[in-house]
Amino acid sequence: MMNVLAVGCHPDDLEIGCGGTLAKLSALGHQVTMVHVANGDKGHAIIKPEPLRQIRAVEAQESGALIGATVISLDTSDLTIKSDNDELVRKLVGVIRRTRPDYIITHPPEDYMKDHMEVSKAVFDASFSATVPHYTEEGGFPPYEKAVPIFYMDTLAGVGFLPTEYVDISDYIDTKISMNNCHQSQITWLRDHDGIDFLDFVRTVSKFRGLQCGKPYAEAFKQCVAWPRLTTERLLP
């Protein structure tokens, strides 16, 4: 059994980018932890930040429960994420030391908004800092002995992202859609006010990635190429 840590920015980002892979990992008996750094409090034009923060926290828990994942919020307000924030890095170090992942999934260094890119940088930093014995964090967990591999999940709509690995999620596409559907504060808003069927959007991107690798549905990834994170072992399911 492996421990897999997935760190996304907002409460629905992991479901969009790697929900099928996380569902597959869980079904195979692996332990999945889903972390969202931001609380999503500014993701609506009508619902005010504090009630939205609470709504999105519940939605995230409901989504994770569908696959038996542990869901953790670092409860950072939207649009305030900075990778050089020592407090944020310490929180991530605590999560890494507590979960002791075999690998981490997160956003790519380049994406469509700053929050996503800052999370990617913070995860890279924290995954190394977690190995440093004299680096302290609030949880008091012992240092993790290795800087683990990092896999970057797809950008939104796959724009500008050239995958190096794919995961066949054909048997888990409906679970991926159900996980995304838990985030009704976003799904309903996008449908009613922007005319976007986001569940169809998610399914279409998964089908597009599937076409690239000869499967009905797939998710796309790139491995972080940095020493000492590389391995010859196939880690993605």
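Everything below is about the structure shown above.
Residues numbered from 1 in each chain as written. Predicted model: local features only at pLDDT ≥ 70, side-chain atom pairs only at ≥ 80, totals over all residues. Heavy atoms only, no water.

A.B. asks: I'd love a proper account of the pattern of salt bridges, names of residues and values included.
C.D. replies: The full count for this structure, using the stated rule, is 13 salt bridges. Two residues, R56 and D12, come together in a salt bridge whose shortest N-O distance is 3.3 Å. Taken as a pair, R56 in helix α2 (residues 49-65) and D12 in the loop between β1 (3-8) and α1 (13-27) lie far apart in primary sequence, 44 residues in all. For the residue pair R56 and D12, the accessibility class agrees, reading buried in each case. Notably, a salt bridge pairs R53 with D75, separated by 2.9 Å at the nearest N-O pair. Note that R53 is positioned in helix α2 and D75 in strand β3 (residues 70-76), a separation of 22 residues in sequence. (Salt bridge = Lys/Arg side-chain N within 4 Å of Asp/Glu carboxyl O. Helix = DSSP H or I, 4+ residues; strand = E, 2+ residues; numbered from the N terminus. Buried < 20%, exposed > 50% of the residue type's maximum accessible area, 1.4 Å probe, protein only.)

A.B. asks: Residues and numbers for unusual backbone geometry, please.
C.D. replies: Omega for the bond connecting W227 with P228 falls within 30 degrees of zero, at 0°, which places this linkage in the cis form. Relative to the helices and strands, P228 is located in the segment after β7 (218-223). A positive phi angle, close to 55°, is found at D75, a residue other than glycine. Backbone geometry at R100 places phi at a positive 50°, although glycine is not the residue there. Turning to its location among the elements, R100 is positioned in the loop between α3 (86-99) and β4 (103-106).

A.B. asks: So, the side chain of N180: which residues are in play, and what are the values?
C.D. replies: Secondary-structure assignment places N180 in helix α5 (residues 173-181). In this view, N180 contacts D12, E15, I16, I187, L199 and V202; residues no more than four positions away in its chain are not counted. (Contact = heavy atoms within 4.5 Å.)

A.B. asks: Quick rundown of the pairing of β3? Include the residues and the values.
C.D. replies: Relative to β3, strand β2 (residues 31-38) runs parallel, the two being bridged by five bridges. By the bridge assignment for β3, T33 is matched with T70. As a crossover connection, the stretch from β2 through α2 into β3 is right-handed. (Pairing = 2+ DSSP bridges. Right-handed = clockwise from strand over helix to strand, strands pointing away.)

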